[in-house]
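Residues per chain, in single letters:
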Amino acid sequence: MAKIAADCTTMAEIRENIDRVDHALMVLFAERWSFIRRAAEIKAGLGIPADVPERVREVRDNAHRNAETHALDGDFYEDIWAQLIEHAIAYEKAQLGEA
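In this report, the structure presented in the accompanying data block is examined. Everything quoted here is computed from the prediction, not taken from an experiment.

## Details of the packing of helix H2 (residues 53-69) against helix H3 (residues 74-96)
Next, step 1: Orientation of H2 relative to H3, taken along the N-to-C sense of each, is 145 degrees, at an axis distance of 8 Å. Between H2 and H3 the crossing geometry is right-handed. Here Val56, Arg57, Val59, Arg60, Ala63, His64, Ala67 and Glu68 of H2 lie close against H3, whose contacting residues are Gly74, Asp75, Tyr77, Glu78, Asp79, Trp81, Ala82, Ile85 and Ile89.
Next, step 2: Of the residues that constitute the contact of H2 with H3, the class distribution is nine nonpolar, two polar and six charged.

## A few points about the side chain of Glu78
Next, step 1: Counting through the fold element by element, Glu78 comes out in helix H3.
Next, step 2: Contact partners of Glu78, with chain neighbours within four places excluded, come to Arg57, Arg60, Ala63 and His64.

## Focus on the packing of aromatic side chains
Next, step 1: Counted according to the given criterion, the structure contains three aromatic pairs.
Next, step 2: Between Phe29 and Trp81, the ring centres sit 6.4 Å apart and the planes meet at 45 degrees, which makes this aromatic pair tilted. With a gap of 52 residues between them, Phe29 in helix H1 (residues 11-46) and Trp81 in helix H3 connect regions that are remote in the sequence.
Next, step 3: Exposure remark for Phe29: the relative accessible area of 29% places this residue in the partly exposed category.
Next, step 4: The class for Trp81 is partly exposed, based on a relative accessible area of 26%.

## A closer look at the environment of Gln95
Next, step 1: Here Gln95 is to be found in helix H3.
Next, step 2: In the structure, Gln95 is positioned 51 residues away from Ala44 in sequence and 8.2 Å away in space, judged by C-alpha atoms.

## Focus on a negative patch on the surface
Next, step 1: A cluster of like negative charges, contributed by Glu68, Asp73, Asp75 and Asp79, occupies part of the molecular surface.
Next, step 2: Looking at the element boundaries, Asp79 is found in helix H3.

## A closer look at the pattern of salt bridges
Next, step 1: Going through the model one piece at a time under the given rule, you end up with seven salt bridges.
Next, step 2: Across the pair Lys43 and Glu92 runs a salt bridge, and its minimum N-O distance is 2.6 Å. Taken together, the residues Lys43 in helix H1 and Glu92 in helix H3 connect sequence positions 49 residues apart.
Next, step 3: On the basis of relative accessible area, Lys43 is assigned to the buried category, the value being 15%.

## Comments concerning H3
Next, step 1: Its 23 residues place the ends of H3 32 Å apart at the C-alpha level, agreeing with the 33 Å of an ideal helix rising 1.5 Å per residue.
Next, step 2: If you check which residues of H3 are buried, you get Gly74, Glu78, Ala82, Ile85, Ala88, Ile89 and Glu92.
Next, step 3: Packed against the buried residues of H3 are H1 and H2.
Next, step 4: Here H3 starts with a cap whose side-chain oxygen sits 3.0 Å from the backbone nitrogen of Asp75, and that cap is Asp73.
Next, step 5: Looking one or two residues beyond H3, the residue adopting positive phi is Gly97, at roughly 75 degrees.

Rules behind the numbers
Residues numbered from 1 in each chain as written. Predicted model: local features only at pLDDT ≥ 70, side-chain atom pairs only at ≥ 80, totals over all residues. Heavy atoms only, no water. Axes fitted to C-alpha atoms, helices over the stretch in contact; angles between N-to-C directions. Helix = DSSP H or I, 4+ residues; strand = E, 2+ residues; numbered from the N terminus. Left-handed = near helix turned anticlockwise from the far one by under 90°. Contact = heavy atoms within 4.5 Å. Nonpolar A, V, L, I, M, F, W, Y, C, P; charged D, E, K, R; others polar. Phe/Tyr/Trp six-rings, centres within 6.5 Å; stacked < 30°, edge-to-face > 60°. Buried < 20%, exposed > 50% of the residue type's maximum accessible area, 1.4 Å probe, protein only. Patch = residues over 30% accessible without salt bridge, like charges linked within 9 Å, V, L, I, M, F, W, Y side chains within 5 Å. Areas by Shrake-Rupley, 256 points an atom, 1.4 Å probe, with all protein chains shown as cover. Salt bridge = Lys/Arg side-chain N within 4 Å of Asp/Glu carboxyl O. Lys, Arg positive; Asp, Glu negative; His and termini not counted. Charge placed at Lys NZ, Arg CZ, Asp CG, Glu CD. Expected span 1.5 Å × (residues − 1). Polar contact = N/O pair within 3.5 Å; in protein donor to acceptor, adjacent residues only side chain to side chain.

Written as structure tokens, this is what we have:
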């Protein structure tokens with residue numbers, strides 16, 4: 001049963017809700033990845049390279065700022081996003097024949 005953290009009274013409830021949130025995150029990551037795949041298709045048609053440094057900086061800055069907006073460690077989540085970006089760029093390079 002979906003609960004907020006403050007309403008959980010047992011570790012079983014905590015674990016159940018962490019698993020629920022983790023599943024929801026994967027659904028969002030899958031949606032995010034659908035945009036990465038589409039970006040590679042669009043970039044191929046427009047001759048845009050996989051790695052666009054100014055966009056990479058923008059996405060990392062957004063992650064940092066969004067994390068801090070939610071009282072999270074901006075540096076930590078920016079690092080996670082850096083890994084997401086690196087993986088996406090590697091995928092796009094392979095799709096665009098840049099690898």
